[in-house]
Structure formats: C-alpha cells, structure tokens
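Listed below, chain by chain, are the residues.
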There are 2 protein chains.
Amino acid sequence: MTLDKPSKKPARPKFLRALSGEPVWPPPLWLMRQAGRYLPEYREIRAKSASFLDFCYDPKSTVEATLQPIRRFGFDAAILFSDILVVPDALGQKVSFESGEGPRLDPVHDEAGISKLRESIDLDRLAPVFETVSRLKQDLPRDTPLIGFCGAPWTVASYMVAGRGTPDQAPARLFAYRHPILFRKIIDKLVTASIDYLLAQVKAGVDAIQIFDTWAGVLPAGEFDRWCVSPIAAIVAGVKAVYPDIPVIVFARGAGPRLIELEDATEAQAIGLDTSVDPEWAATLPETTVLQGNLDPLALIAGGAALEEGVTRILAAFRHRPHIFNLGHGILPETPIAHVERLVDLVRRDQI
Amino acid sequence: MTLDKPSKKPARPKFLRALSGEPVWPPPLWLMRQAGRYLPEYREIRAKSASFLDFCYDPKSTVEATLQPIRRFGFDAAILFSDILVVPDALGQKVSFESGEGPRLDPVHDEAGISKLRESIDLDRLAPVFETVSRLKQDLPRDTPLIGFCGAPWTVASYMVAGRGTPDQAPARLFAYRHPILFRKIIDKLVTASIDYLLAQVKAGVDAIQIFDTWAGVLPAGEFDRWCVSPIAAIVAGVKAVYPDIPVIVFARGAGPRLIELEDATEAQAIGLDTSVDPEWAATLPETTVLQGNLDPLALIAGGAALEEGVTRILAAFRHRPHIFNLGHGILPETPIAHVERLVDLVRRDQI
C-alpha cells in the first residue's frame, strides 16, 4: 500500500521550478516592490520607525513587511524587504532617506571620496539583513521561496556619485565619461561588495537572487557593456563560483535589444523584462532563458479592460516557455488592493 | 569646350542625398536642438522676448535662431526653430512656458475639455511659422536644406492631458488606459492637425520633415502600436499623399527593438536613433532605411576621449549604409561650444 502513502517530500515550489527552466502553467507570480507603500499594513508598521534606514535594519520590521503581501495575496515568491543603498551604507558612505524626497548620500566624486570608502563591505553592519533572511526561512510558508537581491553596480554607483536620484543619472554618466579610471574603481568595489553581500544572503537562506539595474537604460552602447553587462556578469560568476545552483534573475531596465547581449554574457537563469519590452519580441530570446515580467504598473492602477488586456498579452506571448509573471517595474503606491487581487485571479485562472 | 564649363545646377545637398538612400561619406551632420540655449547668441536674442511662445511666433527671432548654428558650425541641415506645443496652442488649448519650469497647459482630461478644442488646427495662428520657413528659404545657404517638424501625437497628447511635462508621462498613460475612446479622440485630432500643419510647412518650403515622439519609450507593447506607430504612420501617409517626395524622419525615443515595427509600418525614409540604441544593432535594420543618430549628448559635454570614442563607434557602425550623424537626444545647454567644433571636425575628417 506504499503507493497510496503521500510523499513526505513537498512539491518543489512553482517559482523555483520555473526558474530552473521548467514550463509551469499558470506561471508563478510575484511583484517587484510587493512589500511596500500600496499596502495599508505596510504604511502602519513603517510609521513606527523614525527613518527608512532604521526600518531596513530592524529585522522585526523587515520580516513583517516581507510577509505582508504573502499573507494577503499568496504570491509564489517573497522578496526580502530592504534597499539597494544598504551597500554604499555598509561601504561607509553616509546614506539617508528624506521623507518624500528620496535618498541622500554624501556624493563620491573624486579620489579622496573613493579612498574614504571601506576596503570591503561591512557585513556586520548588514547583520540585520541576514537575520531577516534567517527568520523569514522560519516564518514563510514552505512553498514560498525567498528572493534576495542587490542593486547592480551601475545603478548603485549612479546614486553614490550624484548623492541622490536624478531623472537620467546624468551626474554619474558625466563622471564616468570624464574620469573612467576613478569610476572603474567605484564599480570594481561594488562588484566585490555585491558578491560578498549576496553570498552572505545565500548563506543565510535565500533561494534565489535578483540583481536590479534600474538605470541601465540611460547608458549608450559602449558604456552599457562597460558599466552594466561586465559588472553584472562578474557578480553572477562570483556568486556561482561558491553556490553554483543558486538561481539568478537580472533586471536591467531600459536595456531594450541589448537584453540579447546581457542574456549572452551572464550565467543568470532569468532575465527580467521592463514595461517597454514587447513580450512577442522577448519571446524570441533563447528558450533556455527564463523570462520574468512585464505588466505595466499603470495598467494595474487602471484596472478593468487595460489590466485584462495587458495580462492576456503577456500570458499568451510566454505560454510555451518558462515564465515568471511580474510587473515591468515596481508596483506604485497608488495601486488599489482590489486590482492586485484581480491580477492574481487573472494570472491563476487558466483561460488562455 | 562645354565639358569644362561648370554645371549651373548646384550639387544636391549631402543631407538630402543621404536621406534618399545614397551612401555619403563623411555623413551629413546636424544636431537636435542645434538652435538653442547652448549658444550665447541664442540666449542674447531670446532675452529680448517676454515669453517663449512670443519668441516662437516672431519670425524675426525664429529665423535668426535657426540661422545661428548654421553660421557658426556649417551644419548640413537647418531645423526650423519652433516648439511641438504650438499645435495644441493652435487647437485652442491654453499653452504657456514658465521660465525654468517648462510648459504649462490647461489640462484636457474629459469630454468637455476635448470639445473645447477647435475642430481643426488654426493655420492663421501658425502663419508666423510658415513666414519663418519662407524667409529661411531666402536666407539659408543654398546647400543647407531646411527641416520642418512636429511632435508625434502621443508625445503632444501626453502634455495636453497632464498639462505639463512629467518624468514618465504617467497622467496621459493612465488616462489612455481608463478612457481609451476619449484618448483616441485627442490622438485622431492630432493626426489630422499634424498633417495639415506639416503640409503647410512643406508648402512654405521645408525640404524634409522630422516627427518627434520623445515619449514613445514609456508605452508598453499594445499601447505603443496604438498611440505611437499607427498615428505616426497615418501622418506620414497623409503628408505623402500630397507630397510623395518629401523625406520624413521619425524619431521615437526609447522605442528599442520596436524600431523594427516602426520602420516596417511607416513610409518614412529615415529612423532617428536615441542614445540607448546600440549602433551595431541598428545597423541590422533594413538597408533601405536611413539611420540618424546617435551620439550621447553627455559625451558631447564631456568631450575628450569620451567624445572621440562615441563618434568613432557610430561612424564605424554606419560606414557602409546611408547615415545622418546626429545626437541621440537634444544638445544640452551646458555643452561647450569648443566640443561642438571638435565634433564637427571628428565627423568630417575621413579617418575611419
């Protein structure tokens, strides 16, 4: 009668099956910034911390923030609540978040500024992040994998140089043109720091990694190779040298047709697609690459026919290859909860 | 001895030869926003007009602004000095330019707002533009063609709906998702208005046309077809129905791999490439399409090795096909004059 006995080994989570290249239908679903300001329960706990950085370094807060969207929507993966700028913080750069104004950093724009940074990343400073990961591995449902992450060197460096966000990261682009050797030093430091940071996340228990290059799109061809593709490839290789089986997703917003190059140059399992990528074009990328994306966050705010059309188009384009459903950029604070519920229904009811 | 007699017919300008598909070496060169704030002589005449719109509607000013960069740099084409928002102005929408803040319009975001717009574009209101074209045809060197232009419907509509510029034109994108039928009315009105406007520019004497879709890149796939590709294709067809031989350049910033679709769907002669397009990828587009672009305006600010590398990469990629050298976006006010002079030298000395 052993055949009737249910297996003790739980089924492998959909998200990890899709990431390993298995076609899964309906596709697993999670949303960039799914833990965040569109959730009233997030705003409630966030209000209790004086600063955003305090919040990021408080495991009680970050565990709760990470769990909230899983409880509410049952997404197929959780993503560690944190911020890409904890890396410059742990390299000794002064980082703060002004309410309503975004991040502020003491800009690094010369040799002296670079030499003030730590030689290597301060993993003790980041201990609360790893503590969060360990606790989440206890608290998350067993079938909900946890995604760790870091910002890609170009994107992180663009904040380090400018000291803030800008519409097109012009300060860092100009700095890189004028002082390529100095800029290379920052990028190289970030490559090493990111590898160390991600290795520690994996050690603490994350099941997959996403690297965010939010500002990749502002770089022209030569600079894109230099500051986006090569550093990301080096990070993925560095992580895989220690943990060959950890799946990696690379999200380079605005890369356009250069996703082909990125896909080719890195050992990442999956490529994240931003909103502007035509799913039908993306479906021409090699089938060995898992694609993630790419609903317009504004279609999710609009809801109704716009949401249905967007979801249908994406599901149809990726029906026959491994795909992870996501937005093309982070979910926006104005997003109605009911529309997220509708999205979950649309993706999960098999109707294509 | 007739063979030695110089022909009375002047050689066809390089810019028009390249636009007709002829490989020209070195390629013709002009810069988006070449008439503008980086020129001290422009700032001087601009200071004499109370408002930017007054300036745009004063032929004396616009003729002079158009001629200034030709005198200084001898570019291979001049572009009419004007603004894309004269079209909503001539449709009856209130348009103004606040100093240092960009355009302000009375937003159109409902049926009532749309019904207040004129049925068709007020060409009398735009008479100063056509007057400018006529005068320029007298004043420009004979071998310097004049480019007329308009904004593409999506880009113009995005300002009409939001009432201002925004980082990602979210107000218009949301409006289009929520009220596609109303938004279609605005787009259709702009298609007709743009055709009428461009026909009048051609009648007044422009030698070529460029259609600017500065905000194309923020649209996801379905919306891109609907609001970028189809309206532009309709405008090009409408202009060509009357003037089949007028060359048209389409510049859709951020279109990425969707340039293939745009190239395929319109009768335009040339496609403008933004800074993010890899020249080597663009060179895989059909040889029948003339490519224009795409130096990073920040490389022009940086100068030095960054400028040389950028120019060399672009010249090399397009060496064997018709190409018009340009920036990948408008020249920035901070650009040193000496760097523009250097650019002209780099493009014109045949060293690749």
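Presented here is an overview of the structure given in this document. (Residues numbered from 1 in each chain as written. Chains lettered and ligands numbered in written order. Predicted model: local features only at pLDDT ≥ 70, side-chain atom pairs only at ≥ 80, totals over all residues.)

**Concerning the overall build of chain A**
Definition in use: Where helices and strands are cited, they refer to DSSP runs of H or I of at least four residues and of E of at least two residues respectively, numbered from the N terminus. Just to be clear, the radius of gyration here is over C-alpha atoms, and the globule rule we use is 2.2 Å times residues to the power 0.38.
For chain A, the helix and strand inventory stands at 16 helices and 9 strands. The C-alpha atoms of chain A give a radius of gyration of 20 Å, which matches the 20 Å a tight globule of 352 residues would have. When the backbone C-alpha atoms are referred to their principal axes, chain A occupies close to 70 × 45 × 40 Å.

**As for the packing of helix α7 (residues 127-139) of chain B against helix α10 (residues 180-204) of chain B**
All names here are of chain B. Under the convention used in this document: To get an axis, fit a line to the C-alpha atoms, keeping to the stretch in contact for a helix; angles then go from 0 to 180 degrees between the N-to-C directions. Small angles under 35 degrees read as roughly parallel and large ones over 145 as roughly antiparallel, with 65 to 115 read as roughly perpendicular and the rest as oblique. For a crossing to be left-handed, the near helix must be turned anticlockwise from the far one by less than a right angle; the clockwise case is right-handed. The contact rule is simple: place each C-beta atom from the backbone, and if two of them lie within 7 Å, those residues are in contact. Note on residue classes: Ala, Val, Leu, Ile, Met, Phe, Trp, Tyr, Cys and Pro are nonpolar, Asp, Glu, Lys and Arg are charged, and everything else, Gly too, is polar.
Direction vectors running N to C along α7 and α10 enclose 30 degrees, while the axes themselves pass 8 Å from each other. By the angle between their axes, α7 is roughly parallel relative to α10. The way α7 lies across α10 gives a crossing that is right-handed. Residues F130, V133 and S134 of α7 form the contact with α10, whose own contacting residues are A200, Q201 and A204. For the contact of α7 with α10, the class distribution of residues is 4 nonpolar, 2 polar and no charged.

**Some thoughts on the interface of chain A and chain B**
Taken residue by residue, the interface counts 29 residues in chain A and 29 residues in chain B. Within the residue set of the side of chain A that touches chain B, elements represented by two or more residues are α9 (170-178), α11 (221-242), α13 (279-282), α14 (297-302) and α15 (304-317) of chain A. With 5 residues, α9 of chain A is the largest single contributor of residues to the side of chain A that touches chain B.

**Brief notes about the environment of D274 of chain B**
Residue and element names in this part refer to chain B. What counts here: With C-beta atoms placed from the backbone, the exposure class of a residue follows from how many other C-beta atoms lie within 10 Å of its own: 20 or more, buried; 12 or fewer, exposed; in between, partly exposed.
Within the element layout of this structure, D274 appears in the loop between β7 (270-272) and α13 (279-282). You can call D274 buried: it has 25 C-beta atoms within 10 Å. Residues within four places of D274 in sequence aside, it is in contact with R253, G254, G293, N294, G328 and H329.

**Topic: the sheet that holds strand β8 (residues 290-295) of chain A**
Residue and element names in this part refer to chain A. Note the following rule: When DSSP finds at least two bridges between two strands, those strands are taken to pair.
As summarised here, the arrangement of the 7 strands in space is β1-β4-β5-β6-β7-β8-β9, forming an open sheet in which the pairing is parallel. Whereas interior strands pair on both sides, the edge strands pair on one side only; in this sheet they are β1 (78-79) and β9 (323-327). Looking at chain direction, strand β5 (residues 208-213) and strand β6 (residues 248-252) are connected through 5 bridges and run parallel. Across the sheet, the residue bridging to I211 is V250, located in β6.

**Here's the deal with the relation of the copies chain A and chain B**
The cut-off we apply is this: The least-squares superposition of copies is restricted to C-alpha atoms, and to residues with a pLDDT of at least 70 in both copies.
For the pair chain A and chain B, the relating rotation is 180 degrees, the translation along its axis is 0.0 Å, and the fit reaches an RMSD of 0.0 Å. The relationship between the two copies is best expressed as a two-fold rotation axis. In this assembly the copies share their binding face: 100% of the residues contributing to the interface of chain A also contribute to that of chain B.

**A short note on α15 of chain A**
Under the convention used in this document: Expected helix span is taken as 1.5 Å per residue step, with the number of steps being one fewer than the number of residues. Of all possible arcs, the one meant is that of the directions from the helix axis to the C-beta atoms.
If you check α15 of chain A, its first and last C-alpha atoms are 20 Å apart, about what 14 residues at 1.5 Å a residue would give, namely 20 Å. Considered for burial, the residues of α15 of chain A that qualify are A306, L307, G310, V311, I314 and L315 of chain A. Mapping the buried residues of α15 of chain A onto a view down its axis gives an arc of 150 degrees, with all of them on the same face. Opposite the packed face of α15 of chain A, turned more than 90 degrees from it, sit the exposed residues G304 and A305 of chain A. In the core, the buried residues of α15 of chain A are packed alongside α13, β8, α14, β9 and α16 (337-348) of chain A together with α9 (170-178) of chain B.

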